[in-house]
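# Notes for the structure review
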Amino acid sequence: MLLRLRPSLIRAQVEAVLDLAQRLGYTPRFVDERRTLLELLGPGAPEHRAQFEDLCGVSQVLEVGTARELHERNGRPDLAVDVGPARFGGGAISLVAGPCAVEDYDRLLEIARAVQARGATALRGGAWKPRTSPYSFQGMKHAGLELLERVRTETGLAIVTEVLDPRDVEAVGESADMFQIGARSMTNFALLTEVGKTRKPVLLKRSYSATVREFLLAAEYILAEGNEQVVLCERGVRGFDSSITRNLLDVGAVAHLKRATHLPVVVDPSHAAGRGDLVRALARAGLAAGADGLMIEVHTDPSEAHSDGAQAILPETFAEIARDAQVLAGLDGRTLRTGRVLKYG
Ligand code: PEP
Ligand code: MN
């Protein structure tokens, strides 16, 4: 490992770095005369990097040597994560679609059938909704899980649904095929640890205010517990002009993540756009940047949606996105996974 130390450190700060190095089993050696570059020869465990970064004397870890973190690609091929009929990564693209929230059985089944006929292999829908106001619709909770299960039995679609509280991981895990960790929960480390203890795929959404490094370290919490089935989801970060789009879709981050990690990356154009009329364009941009899938809010009557109606698209628009996905997948030799033959219109 190679550390850059801050210039003009007091002796105690240098000693703190050397002490930690010694305790972790490294042999330290200053590389330059100014004693700002410190090479550490030793074990190189993934968790050591963050321990050195925590010291106030260390300005940067320049090179990790063999101390690889679990999310790093490190020469590995793309990981493919299977969720029922859906596959994310490893050359496969899949579409997750459905309402923002589970509302009632008939509506959920109607939407599920509509998106499945148009190319979706997984159904999304929140039984628990993280809302800005405690007075807004909070979701149907356990009753919502039951409806999701019934619709899975009816259609065969995989179920992706959000878990908000570590105490609900067991119950949600019994119903869902994939946990969704929402943007607001990205730094709920107790929740990340709890889903990390399961062996069920996790769709981890990036917080709207997280750097890419913070996003990857949130994934690291899950991986560190032994759950390797992590799919990253870019859903837009806070921009400076929310009068146009609700968030700013960070396509640069998508392209970067595809290089930096072997984990699949999914784009959610719905929460990035905040408006239905821009969802298709952002979905195209996400796939062009290398995303392994899309998660899209679809409703058969957006004006009736209990939450996020403004960004919900009709099944007809979803069909156009599925067709785009098929074309874009073909550009670089990937395939769009669909449960059945795509029907347009
Ligand atoms: C959602 O997917 O409905 C949701 C709440 O998304 P986010 O956590 O990205 O805001
Ligand atoms: Mn939503």
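Note on numbering: residues in each chain are counted from 1, in written sequence order. Each chain is given a letter, starting from A, and each ligand a number, starting from 1, according to the order in which they appear as written. The predicted nature of this model means local features are confined to residues of pLDDT at least 70 and side-chain atom pairs, given and counted, to a pLDDT of 80 or more, with totals for whole chains, interfaces and linings taken over all residues. Computation of side-chain values covers all heavy atoms of the structure but excludes hydrogens and water.

## Quick notes on the site of ligand 1
Our working rule: For this description, a residue counts as near a given molecule or strand if any of its non-hydrogen atoms is within 4 Å of it. The term polar contact refers here to a pair of N or O atoms within 3.5 Å; inside protein, the definition further demands a hydrogen-donor-capable atom paired with an acceptor-capable atom, and it admits residues adjacent in sequence only when both atoms are side-chain atoms. Note on areas: Shrake-Rupley, 1.4 Å probe, and residue coverage restricted to the protein chains presented here. Residue classes follow a fixed rule: Ala, Val, Leu, Ile, Met, Phe, Trp, Tyr, Cys and Pro count as nonpolar, while Asp, Glu, Lys and Arg count as charged, and any other residue, Gly among them, counts as polar.
In the neighbourhood of ligand 1, the contacting residues comprise C100, R124, K129, Q180, G182, A183, R184, K205, R235, H271 and E297. Contacts to ligand 1 include R124, whose side-chain N or O atom sits 2.8 Å from an oxygen atom. Note that an oxygen atom of ligand 1 is positioned 2.8 Å from one of the side-chain N or O atoms of R184. The fraction of the free accessible surface of ligand 1 (300 Å²) that becomes covered by protein chains is 97%. Its residues assigned to classes, the shell around ligand 1 comprises two nonpolar, three polar and six charged.

## Structural notes on the coordination of the manganese ion (ligand 2)
For clarity, the threshold we go by: Nitrogen, oxygen and sulfur within 2.8 Å of a metal are treated as its donors, or within 3.2 Å for sodium, potassium and calcium (Na, K, Ca); water is not counted, so a site can appear incomplete. Per the convention used, a helix needs a DSSP run of H or I reaching at least four residues, while a strand needs a run of E reaching at least two, with both numbered from the N terminus. For every residue, the accessible area obtained with a 1.4 Å probe (protein chains only) is divided by the maximum for its type, and the residue is called buried under 20%, exposed over 50%, and partly exposed between those limits.
Taken together, the protein ligands of the manganese ion (ligand 2) are C100 (SG), H271 (NE2), E297 (OE) and D308 (OD), with distances of 2.1 to 2.4 Å. One chain supplies every donor to the manganese ion (ligand 2), and in sequence these donors are spaced C-x170-H-x25-E-x10-D. Here C100 is found in the loop between β7 (92–98) and α3 (105–117), whereas its partner E297 is found in strand β14 (residues 293–297), with 197 residues between them in sequence. Each of the two residues, C100 as well as E297, counts as buried.

## Description of the packing of helix α7 (residues 212–224) against helix α8 (residues 251–260)
The cut-off we apply is this: Every angle, taken between N-to-C directions, lies between 0 and 180 degrees, and every axis is a line fitted to C-alpha atoms, over only the stretch in contact when it is a helix. Each angle is binned into one of four classes, with values under 35 degrees roughly parallel, values over 145 roughly antiparallel, values of 65 to 115 roughly perpendicular, and all other values oblique. Crossing handedness is defined as follows: a turn of the near helix away from the far one that is anticlockwise and smaller than a right angle gives a left-handed crossing, while the clockwise case is right-handed. Contacts: residue pairs with any heavy atoms within 4.5 Å of one another.
Here α7 crosses α8 at 50 degrees, and the two axes come no closer than 11 Å. For the element pair α7 / α8, the angle class is oblique. The handedness of the crossing between α7 and α8 is right-handed. When α7 is examined against α8, the residues V212, F215 and L216 are found in contact with a partner set consisting of A253, H256 and L257. Within the contact of α7 with α8, the residues separate by chemical class into five nonpolar, one polar and no charged.

## Some thoughts on helix α11 (residues 315–331)
The condition that has to hold: Working rule for helices: expected span equals 1.5 Å times residues minus one.
Compared with an ideal rise of 1.5 Å per residue, which puts 17 residues at 24 Å, α11 spans 25 Å between its outermost C-alpha atoms and is within 8% of the ideal. If you check which residues of α11 are buried, you get P315, F318, A319, I321, A322, D324, A325, L328 and A329. Buried positions along α11 lie against β7, α3, α10 (276–288), β14 and β15 (335–336). In the segment just after α11, G333 is the residue with positive phi, at about 70 degrees.

## Concerning the pattern of salt bridges
Definition in use: Every case where a carboxyl oxygen of Asp or Glu lies within 4 Å of a side-chain nitrogen of Lys or Arg is listed as a salt bridge.
Under the definition given, this model contains 27 salt bridges. A salt bridge links R213 to E53, with the shortest nitrogen-to-oxygen separation between them at 3.7 Å. You can see R213 sitting in helix α7 and its partner E53 sitting in helix α2 (residues 48–53), a full 160 residues away along the chain. Note that R113 is salt-bridged to E154, the shortest N-O span being 3.3 Å.

## Side note on the sheet that holds strand β1 (residues 2–5)
Basically, it comes down to this: One bridge is not enough; two strands pair if DSSP finds at least two bridges between them.
Overall, antiparallel pairing links the four strands, which are arranged β2-β3-β1-β4 in an open sheet. Of all strands in the sheet, those bounded by a partner on one side alone are β2 (27–30) and β4 (58–63). The mean angle between the axes of side-by-side strands here comes to 25 degrees, regardless of whether they run parallel or antiparallel. Sheet topology note: the β2/strand β3 (residues 37–41) ladder contains four bridges and is antiparallel.

## A short note on a negative patch on the surface
Operational definition: Nonpolar side chains (Val, Leu, Ile, Met, Phe, Trp, Tyr) within 5 Å and like charges within 9 Å form the patches, drawn only from residues with over 30% relative accessible area and no salt bridge. Charged-residue counts in this description rest on Lys and Arg as positive and Asp and Glu as negative, His and the chain ends being excluded. For this purpose, a charge sits on NZ of Lys, CZ of Arg, CG of Asp or CD of Glu.
A contiguous patch of negative charge on the surface is contributed by E146, E149, E170 and E174. Secondary-structure elements contributing two or more residues to the negative patch are α4 (142–155) and α5 (169–175). Within the element layout of this structure, E149 appears in helix α4. In this structure E149 comes out as partly exposed when scored by relative accessible area, which is 30%.

## Comments concerning the side chain of T193
Position of T193 relative to the elements: it lies in helix α6 (residues 189–196). Exposure remark for T193: the relative accessible area of 18% places this residue in the buried category. For T193, the residues in contact, after removing those within four places along its chain, are Y221 and E225.

## A closer look at the packing of aromatic side chains
Put simply, the rule is: When the centres of two rings from Phe, Tyr and Trp lie within 6.5 Å, Trp using its six-membered ring, the rings pair. Their planes under 30 degrees apart give stacked, over 60 give edge-to-face, and anything left gives tilted.
Evaluated as defined, the whole model comprises two aromatic pairs. Considering the side-chain rings of Y26 and F52, the 6.0 Å spacing of their centres and the 75 degrees angle between planes classify their relative orientation as edge-to-face. With a gap of 26 residues between them, Y26 in the loop between α1 (11–23) and β2 and F52 in helix α2 connect regions that are remote in the sequence. Given a relative accessible area of 5%, Y26 falls into the buried group. Ring plane angle 20 degrees and centroid distance 4.4 Å describe the contact between F189 and Y221, whose orientation is recorded as stacked.

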